[in-house]
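Coordinate analysis (summary)
Read off the chains here:
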Amino acid sequence: MIADFGYGVLVVAFLTALYSVYAAVYGELKKNPPLVESARRAMLLTWPLLTLAAGMLIYLLVNDHYEVQFVYEVTSRSMPLYLKVTAWWGGQAGSLLFWSWLMAAFTSLVTLRKWDRDREFLPWVIAVGGVTMAFFIGMNVFFENPFAKLYQTFNGNIAAYTIQPANSILFTPSDGRGLNPLLRHPGMIIHPPMLYLGFVSFVIPYAFAMAALITGRTDDRWIRITRRWTLWAWLFLSAGLVLGGRWAYDVLGWGGYWGWDPVEIAAFMPWLTGTAFLHSVMIQEKRGLFKYWNMLLIVLTYDLVIFGTFLTRSGVLSSVHSFAQSAIGPAFFAFIGITLITSAGLILYRWDMLKSETKMTSMLSREALFLFNNLLFMGILVICFWGVIYPLISELFTGQKVTVGPPFYERATSPLFAALLLLMGIAPLSAWGHSTLKTLGRAIWKPAVGAGIITAILAFTYTQNVIALVGFFLIALVILVTLYEYGRGALARQRSQGENIFLAFWNLTGRNRRRYGGYIIHISMMLMAIGILGIELFQVETQGTIAIGDSLELSGYTIKYKEVASWDNPGAGVNYTRAVVEVYDANGNLLGNLHPRKDFYFDTQQPMTIPGQLASLKDEVYVLLIDWEPINQESTTFKIFVNPLVNWLWLGSLLFFVGVLIAAWPERDAERVTVRTGKRAHQASAAD
Amino acid sequence: MLNRAKLRNYALPLALLAALAVSLLFVMTALAQDDMPTDDEVNKIAKDLYCPVCESTPLDVCPTEACRQWRELIRQQLAEGKSEEEIKQYFVTYYGARVLSEPPNRLASYLVPALAFLAGAFLLFRGFRMWLKPLAVESAVPTEDAEAFPQDEYIRRMEEELKKRK
């Protein structure tokens, strides 16, 4: 009953989204404001409707309604309440509903904003948002109904149906299959919502871009309106990626955080174009250049978001992430094609309006360097895209299935990442409009010398690996350049405002949050780069089978096996096997105890390998319990990784969020502030 | 009767042969245990292999039973003295090129993104030349000095403040 009602609500939400598209477009074309207002209200209605549907799905999940196929597939009686709730996005149908629900929340927020200044955008923003939403709700309504129930037909077959087939009876399994244990980790509970938030919030700038194209208001108004949306979208997407990495590191038991899995790349691709977009919109704002390029980037980001969802959800690639497979692929493919062609058509239609207002004047100017940055991001995108589709192409044309694994991506992208680091070092020093080698050289020599000294010290004390030293030099250069620029700004402010240096730093950041938030993000990226360099170049591992009291040695650490125990937790439906090992450093000092674990889930019959981790800024000792003999306990197999510098990655990601929050935090009526500061710019002090 | 007599004649050599065979077996297994490749040697090869079922999970870390058997297969082949290349080739022969971490046709996999990137770079540089050309003509009158150009407003003001400070 509840399930049928839930499906009914979904259908109503689908029709509401379709109506809002119709009313917005027709109302605008016929110059009928009440109809546009009706579209806006229809759009606002979708979120409560989807919330109602989601509420009913959660009710079914929590109350063990296993006659509903989705509930049967993702929950079991032994799962705790919070996992039954979050199982909402633990499977195909539910996560599509989750997508629509978040999307509805975002479009509702947009339609709630004050529209006095740019009312002409409103109908088209509603239309684009509505089309996207109708597509996703449609997926639920037509292909992946989360409320479909299991019926047993007269010939004994059990299958899920939305409407009860003739001569069938409802089939209620006594227990569900349970959520994949890999998805029961806290990281996995937050990772998908973050990623999805990032995905859906990129729809908003896209909707505004399309509205700008349709109305012909192709100035940078749409960019100014969506600047913060884009930053938030970027924040969520980045958080999704980082959390996914942390989850992989803590749960998958392969000693790494990133495996160049096609589905990881699916989420990484919109991040690449989104990051390029964040940089290139500044060119348009400051110099009025490359408007068509920004349009192209946001279109690409939008379609890569849909493509990413398609890859994850359609099962076109089977990988660790593809827990679900279904027949929604063709629909997604068609939607991507249609939106791509329509958007490209609109850009061509408005090509004349998208011409640059000024000319590029120097290959070393800030805008030119941003273009190089875009070239590099697009290069990495092409490598990723090619790597993901190459196996499909190969299978299609030669019939040969191939794997494109980490070696390809690492070899192909690393020169581009290095070039990006170099650009991050130079670009903050170059000026908008014009820079020469002379002006750049004058600004960069001090940080470059500093970076050289740091690299020399590292060469004597830490490593002689040339690639690592080049990497460390670039990282040091970026950090020093950024600090140098930051410091100069603060000193200037200290001088002009008479503030002490800390206050000057604080106020400087507050007054130009985008610039200095960006600087903090750059520094955080460098901290992350230290971690990535460390684990990529210096990770060592060993595996051995030892008896209690024996030890294994790796990279100066001694891991001594103390004991192992195994017990059931019937309530949670898990068997735990936990070993205790001691970690000693090279001098024989005890550093700590680790408890690597193997959990076995009865309902899904799946094991999980939980590492024991001993973290420091220098290294992380990461111990996995691979195998053990239940009877004699004489031979237990451990795998040990020493991951140098990896914790800089997590540290950097924390600072990263601080940076993005500084850049994206809403100002009180941001637009009025811009106008005011614009007026008094000529008399204000530089460091404002 | 004759048969039994014959057998008796052969009994001693047969027994000796059997004893030899048994002892040889013992020695061989003992030897094999000494020479058994370590987990690290196995993992080094398994790292670059992917079984067709657990896609995107390299063989060295895959927890499934099937992958454990594959690793034992690698160990056996290492014990038989096969090289890394021979072992990989063995898996390719039986399961196809997909077991390798990279497509065997390297040229095809690297060429396309490389060409695309070069095309992008070419377009960008051509764009730069096009944008800068009219400028070069204008600046036939020498305005080479950087200061002659309108500087970035923000940086200019900051420089001013810093100068005042000194």
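Counting restarts for each chain, with residues numbered from 1 along the sequence as it is written. Chain A is the first chain written and ligand 1 is the first ligand written, with later ones labelled in order. Predicted model: local features are reported for residues with pLDDT of at least 70 only, side-chain atom pairs are reported and counted for 80 or more only, and whole-chain, interface and lining totals are derived from all residues.

**Let's talk about the overall build of chain A**
The helix and strand labels rest on DSSP assignments: H or I over at least four residues marks a helix, E over at least two residues marks a strand, and numbering proceeds from the N terminus. Along chain A, the regular secondary structure elements total 20 helices and 13 strands. When we talk radius of gyration, it's over C-alpha atoms, and the globule rule is simply 2.2 Å times the number of residues to the 0.38. Against the globule reference of 26 Å for 688 residues, chain A gives a C-alpha radius of gyration of 28 Å, in line with a compact fold. A total of 688 residues make up chain A; the buried ones form 52% of that total. The contact rule is simple: place each C-beta atom from the backbone, and if two of them lie within 7 Å, those residues are in contact. For chain A, restricting intrachain contacts to residue pairs at least 6 apart in sequence, the fraction spanning at least 24 positions comes to 70%. Here a residue counts as buried when 20 or more other C-beta atoms fall within 10 Å of its C-beta, as exposed when 12 or fewer do, and as partly exposed in between; the C-beta atoms come from the backbone.

**Quick look at the overall build of chain B**
Across its full length, chain B holds 6 helices and 0 strands. Reading the helices (α) and strands (β) of chain B from amino to carboxyl end gives α-α-α-α-α-α. The proportion of buried residues among the 166 residues of chain B is 20%. Sequence separation of 24 or more characterises 48% of the internal contacts of chain B that already satisfy a separation of 6 or more.

**Overview of the packing of helix α10 (residues 262-287) of chain A against helix α13 (residues 366-398) of chain A**
Residue and element names in this part refer to chain A. For every element, the axis is a line fit to its C-alpha atoms; helices are fit only across the contacting stretch, and the angle between N-to-C directions ranges from 0 to 180 degrees. It is the contact of α10 with α13, at a shortest axis distance of 9 Å, that shows an interaxial angle of 160 degrees. One way to sum up the angle between α10 and α13 is to call them roughly antiparallel. Pair α10 / α13 crosses with left-handed handedness. Partitioned by chemical class, the residues of the contact of α10 with α13 number 16 nonpolar, 7 polar and 2 charged. Orientation categories follow fixed angle ranges, with anything under 35 degrees roughly parallel, anything over 145 roughly antiparallel, 65 to 115 roughly perpendicular, and all other angles oblique. What makes a crossing left-handed is the near helix being turned counterclockwise from the far one by less than a right angle; a clockwise turn instead makes it right-handed. Polar here means any residue outside two lists: the nonpolar Ala, Val, Leu, Ile, Met, Phe, Trp, Tyr, Cys and Pro, and the charged Asp, Glu, Lys and Arg; Gly therefore counts as polar.

**Digging into the interface of chain A and chain B**
The interface of chain A with chain B comprises 52 residues on the first partner and 43 residues on the second. Ranked by residue count, the leading element in the side of chain A that touches chain B is α13 of chain A, at 9 residues. Each residue belonging to the side of chain A that touches chain B can be placed in one class, and the counts come to 25 nonpolar, 21 polar and 6 charged.

**Some remarks on the sheet that holds strand β13 (residues 636-642) of chain A**
Residues and elements named next belong to chain A. Read from one edge of the open sheet, 4 strands run β4-β13-β12-β11, paired in antiparallel fashion. Strands at the two margins of the open sheet, each flanked by one partner only, are β4 (540-546) and β11 (612-615). In this sheet, neighbouring strand axes are inclined to one another by 15 degrees on average, regardless of whether the strands run parallel or antiparallel. In short, DSSP must find at least two bridges between two strands for them to pair. By the bridge criterion, 7 bridges tie β4 to β13 in an arrangement that is antiparallel. Paired with E541 across the two strands is F641, which belongs to β13.

**Details of the nonpolar core**
All names here are of chain A. Counting residues in each nonpolar core, the largest one holds 222 residues, and the members touching the most others are A53, V125, Y206, F208, A211, M269 and I475. Broken down by element, the residue count for this core peaks at 20 residues, all from helix α9 (residues 221-252). M269 has contacts with L304, G308, L381, C384 and F385, leaving out every residue within four places of it along the chain. Defined on buried residues, the nonpolar core groups Ala, Val, Leu, Ile, Met, Phe, Trp, Tyr and Cys residues joined through C-beta atoms within 7 Å. Within the second largest apolar cluster, 17 residues are counted, among which are I559, Y561, V621 and L625.

**Thoughts on the sheet that holds strand β3 (residues 168-170) of chain A**
All names here are of chain A. Strand order in the open sheet formed by 3 strands is β2-β1-β3, with antiparallel pairing between adjacent strands. A single partner strand is all that each edge strand has here, and the edge strands are β2 (158-161) and β3. Strand after strand, the sheet turns through a mean of 40 degrees between neighbouring axes, direction not considered. Taken together, the 4 bridges between strand β1 (residues 149-153) and β2 define a ladder with antiparallel strand orientation. Bridged to Y151 within β2 is A159.

**What about the domain arrangement of chain A?**
Residues and elements named next belong to chain A. Segment limits for the domains were obtained from an automatic or database-derived domain assignment. What the domain assignment lists for chain A is domain 1 (1-176), domain 2 (180-361), domain 3 (436-538 + 647-666) and domain 4 (540-642). Here the C-alpha centroids of domain 2 and domain 3 sit 27 Å apart. Listed by partner, the interface residues are 10 residues for domain 2 and 9 residues for domain 3. Looking at the side of domain 2 that touches domain 3 residue by residue, the classes come out as 6 nonpolar, 2 polar and 2 charged.

**Regarding the packing of α9 of chain A against α10 of chain A**
All names here are of chain A. The contact between α9 and α10 brings their axes to 10 Å, and the two run at 150 degrees. Classified by the angle their axes make, α9 and α10 are roughly antiparallel. Read as a crossing pair, α9 and α10 show a hand that is left-handed. Judged by residue contacts, I223, T230, A233, W234, L237, S238, G240, L241 and G244 of α9 engage E264, A267, F268, P270, W271, G274, T275, F277, L278, V281, Q284 and E285 from α10. Along the lines of polarity and charge, the residues of the contact of α9 with α10 split into 12 nonpolar, 7 polar and 2 charged.

**Quick look at the environment of V62 of chain A**
All names here are of chain A. Along the chain, V62 turns up in helix α2 (residues 33-62). Considered as a pair, V62 and V85 are 23 residues apart in the sequence and their alpha carbons are 6.5 Å apart. Not counting residues up to four positions away in its chain, the partners in contact with V62 are L81, K84 and V85.

**Points about the confidence of the model for chain A**
Residues and elements named next belong to chain A. Summary of the metric used: pLDDT quantifies the predictor's per-residue confidence within the range 0 to 100. For chain A, the average pLDDT comes to 88, and 94% of its residues sit at 70 or higher. Residue range residues 319-324 is modelled with pLDDT below 50. Its contacts to residues more than four positions away, or to other chains, number 19 contacts. Ignoring residues within four places in sequence, the model shows residues 669-688, a span with pLDDT below 50, making 17 contacts including any to other chains.

**Observations concerning unusual backbone geometry**
All names here are of chain A. Of note in the backbone geometry, K31 takes a positive phi value of approximately 50 degrees without being a glycine. Its place among the elements puts K31 in the loop between α1 (2-29) and α2. Even without being a glycine, F290 presents a positive backbone phi close to 55 degrees. With respect to the secondary-structure elements, F290 resides in the loop between α10 and α11 (291-314). A count of 23 C-beta atoms within 10 Å places F290 in the buried class.

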